[in-house]
Amino acid sequence: MKWLAAAIMGLFLALMLYATSGLPDVGDPDAPANVHVSPYYIEKSLEETDTPNLVTAVLADYRGYDTLGETVVIFTAGLACTLILMRRVY
Amino acid sequence: MLAKYENVIVHIVSDAMVPFIQLFALYVIVHGHSGPGGGFQGGVLLASSVILLRLYLGREASHRRFSTKLMVALATVGMIIYVLVGLVPLATGGNFLDFAYLPVPGVSGAELRALGITIVEFAIALTVFGTLVSLFDNLTGSKE
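In this text the structure is predicted, and so the values were computed from the model without any measurement.

What counts, and at which threshold
- Residues numbered from 1 in each chain as written.
- Chains lettered and ligands numbered in written order.
- Predicted model: local features only at pLDDT ≥ 70, side-chain atom pairs only at ≥ 80, totals over all residues.
- Heavy atoms only, no water.
- Contact = heavy atoms within 4.5 Å.
- Buried area = accessible area lost by both parts, 1.4 Å probe.
- Salt bridge = Lys/Arg side-chain N within 4 Å of Asp/Glu carboxyl O.
- Polar contact = N/O pair within 3.5 Å; in protein donor to acceptor, adjacent residues only side chain to side chain.
- Helix = DSSP H or I, 4+ residues; strand = E, 2+ residues; numbered from the N terminus.
- Nonpolar A, V, L, I, M, F, W, Y, C, P; charged D, E, K, R; others polar.
- Phe/Tyr/Trp six-rings, centres within 6.5 Å; stacked < 30°, edge-to-face > 60°.
- Lys NZ or Arg CZ within 6 Å of the ring centre and 35° of its normal.

**Student:** Please explain the interface of chain A and chain B as it appears in this structure.
**Tutor:** Note on interface size: it is often stated as the accessible area lost on association of the parts. Taken together, the contact pairs 29 residues of chain A with 34 residues of chain B. Taken together, both faces of the contact between chain A and chain B bury some 2,600 Å²; the carbon and sulfur share is 68%. Applying the counting rule to chain A against chain B returns two salt bridges. Among the ionic pairs, E48(A) bridges to R113(B), the shortest N-O distance being 3.9 Å. Taken together, the connections running from chain A to chain B amount to ten residue pairs in polar contact (both at pLDDT 80 or more). Where the side of chain A that touches chain B is concerned, the elements lending two or more residues are α3 (38-49), α4 (54-62) and α5 (64-85) of chain A. Tallied by class, the residues present in the side of chain A that touches chain B amount to 13 nonpolar, nine polar and seven charged.

Here it is, written out as structure tokens:
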């Protein structure tokens, strides 16, 4: 059983290593991740949002909805912990 | 249990440090606009200043300044500010969180979006601040 698990793991590792050969190189300007919306943000974010920090512009404006979700996650997790750990009996 | 830390050096150094930590936190929040920083980092710094207060002043004195209830309320207020700022543009013809439609006369769309980003950063900072301090209070067994 142990050897079966090891063989499956080895097979999976080989599959993953094979899949990495199809990935674009690191920093490749023609990679799909670098030709979709990134050039638009780099070119337009300063004039559209008046914010010199590109990261902040993407985080709080272009992806504001995503950041809202992140904040809700933090808030909900903290609230849940508070409710569980609260030393009060109702 | 958090008791008052009986050491005069710790008290004097911490008394001097707390306001500067809070000032630096505000700087980090506002500086998120033009460099590294932002609401999450600034909120953590604000929380660290209050946790320092808790550690050296003890429970009673630090809760008189920043109670757990206040912290939970601040987190909620931050969350509400974020959602309300997102909802305002809906009333004036934009999309959700589309700060270019905030109703401020005489300011261009780009500047309005910068303004919206700053408000959002402060809302995030309040939420992170309140959440972290209330978590600390509950883990150290602070009662109301």
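What follows picks up the thread again.
**Student:** Looking at this structure, how should I read the packing of aromatic side chains?
**Tutor:** For any two aromatic rings, the description comes down to two numbers: the centre-to-centre distance and the angle of the planes. Evaluated as defined, the whole model comprises four aromatic pairs over all chains. When the centroid spacing of 5.8 Å and the interplanar angle of 85 degrees are considered together, the rings of Y65(A) and F96(B) count as edge-to-face. Here Y65(A) is found in helix α5, whereas its partner F96(B) is found in the loop between α3 (68-91) and α4 (109-139) on a different chain. Here the aromatic cluster, defined as three or more aromatic residues joined through ring pairs, consists of Y40(A), Y41(A) and Y62(A). Across the ring face of Y62(A), the terminal group of R113(B) is positioned such that the distance to the ring centre comes to 5.2 Å.

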